Structure formats: C-alpha cells, structure tokens
Amino acid sequence: MASTTFQLHRDAFGKLVLTAADGQVHEGVSPVRAFPIQSPERGISMVLQDGREVAWIDFIGDLPMAERTLVQDELEGREFMPEISHIRGVSSFATPCTWHVKTDRGDTHFVLKGEEDIRRIGASSLLVVDNHGIHFLVRDMFGIDKHSRKILDRFL
C-alpha cells in the first residue's frame, strides 16, 4: 500500500489498531523503519505480527499529529540505538576492550569483543555492537571530535 490515509489508535491493551481507508481494521500493527539510519523519518511500514504490510508512510511529518505521536512513541519503545557523541577512552587498543562513551542517552561503557563488531554504514556512519548485542551509532565519524576520531581510526 502506498498511502498514509488511515486512522490509528491504541486499544484497551495498549496495542496499535490501524483502520485503513477502506474501513478494514488491523489490530496489533507495528511501525518498522525501512531506512532507520540514513532516513529515519521516511519509509515506515505498518506491519502485522506475521510481517504483512498493511500501510506505508512515505514521510512521518505528513501524518496528522495524533497518528504521528502514536507512531513515534511505538518506534521509540521498540528501538534502542544510542548515538555515540564522544569516546572518552578505551581500556586497550587490542580487543576485547572496554569503551567509555558519551551518548545521546547518557554516559556508559561497554565491551567491544572484536574489530569486526564495528561496521561501516554508508560513507560516514558506523555501527558498533557491544558484547550484549546492543548497537551504538556513530552518525558521522568525520564530524565527531578529534579525540574520538583518533580512537576510531585505531580500530578501523
């Protein structure tokens, strides 16, 4: 479906219910971003629990405020990808090592098992996976501060 013409609300159990333009009701829908890193505001699929798509959102900003808020709240509840804004230090330049970082969700530390757990995404973004499987995003490895860039260069 290539339309953002639908209504969205939560049922008594807190699940999202989507009513399509044709009146068909879909219970328990979830938003899934097509491009969560490069274009998080564009290309959001509303899918059922079995993975079937029932609606498509070209741009989240085009939704009415009530639906936009519901979609954003649901995405925030499902997605957890802290963005690294500064690397305070690492315990060693050999892996495994502990990274001490500042993220958009606060200061934290994690263990990097191996250099293969740092993946390039596009031209300037990196995805760093810790030993628990949590993904940390470096949105722009060229725009990050000099100290952090120097540490990243040792691992890339």
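Refer to the structure printed above.
Predicted, not measured: the structure shown is a model, and the values here were computed from it. (Residues numbered from 1 in each chain as written. Predicted model: local features only at pLDDT ≥ 70, side-chain atom pairs only at ≥ 80, totals over all residues. Heavy atoms only, no water.)

Participant: What is the right way to look at the sheet that holds strand β9 (residues 118–121) in this model?
Facilitator: Paired through backbone hydrogen bonds, the strands of a sheet run either parallel or antiparallel to each other. Strand order in this open sheet of three strands is β9-β10-β11, and the pairing throughout is antiparallel. Unpaired on one side and paired on the other, β9 and β11 (135–138) mark the two borders of the sheet. Mean inter-strand twist for the sheet, computed between neighbouring axes without regard to direction, equals 25°. Pairing of β9 with strand β10 (residues 125–129), which is carried by four bridges, proceeds in the antiparallel orientation. By the bridge assignment for β10, R120 is matched with L126. (Pairing = 2+ DSSP bridges. Helix = DSSP H or I, 4+ residues; strand = E, 2+ residues; numbered from the N terminus. Axes fitted to C-alpha atoms, helices over the stretch in contact; angles between N-to-C directions.)

Participant: What's the story with the sheet that holds strand β6 (residues 84–90) in this structure? I'm lost.
Facilitator: Reading across the sheet, the three strands line up as β6-β7-β8 and stay open at both edges, with antiparallel pairing between neighbours. The outermost strands of the open sheet, each flanked by one partner alone, are β6 and β8 (106–112). Averaged over all neighbouring strand pairs, the angle between strand axes comes to 30°, with direction disregarded. Note: strand β7 (residues 97–103) against β8, seven bridges, orientation antiparallel. Residue pairing for β8: H100 is matched across the bridge by H109. Lying on the sheet, helix α2 (residues 146–155) is in contact with β6, β7 and β8; it crosses β6 at an angle near 70°. (Contact = heavy atoms within 4.5 Å.)

Participant: It is not clear to me how α2 should be interpreted in this structure. Could you clarify?
Facilitator: At 3.6 residues per turn, the α-helix brings residues three or four places apart onto the same side. What α2 keeps buried is the set S148, I151, L152 and F155. Within α2, the buried residues cover an arc of 100° as seen down the axis, which keeps them to one side. Residues of α2 that are exposed and point more than 90 degrees away from the buried face comprise K146, K150 and R154. Buried residues along α2 sit against β6, β7, β8, β9, β10 and β11. Two or three places before H147, at the start of α2, stands the capping residue D145, its side-chain oxygen 3.3 Å from that residue's backbone nitrogen. (Buried < 20%, exposed > 50% of the residue type's maximum accessible area, 1.4 Å probe, protein only. Arc of directions from axis to C-beta. Polar contact = N/O pair within 3.5 Å; in protein donor to acceptor, adjacent residues only side chain to side chain.)

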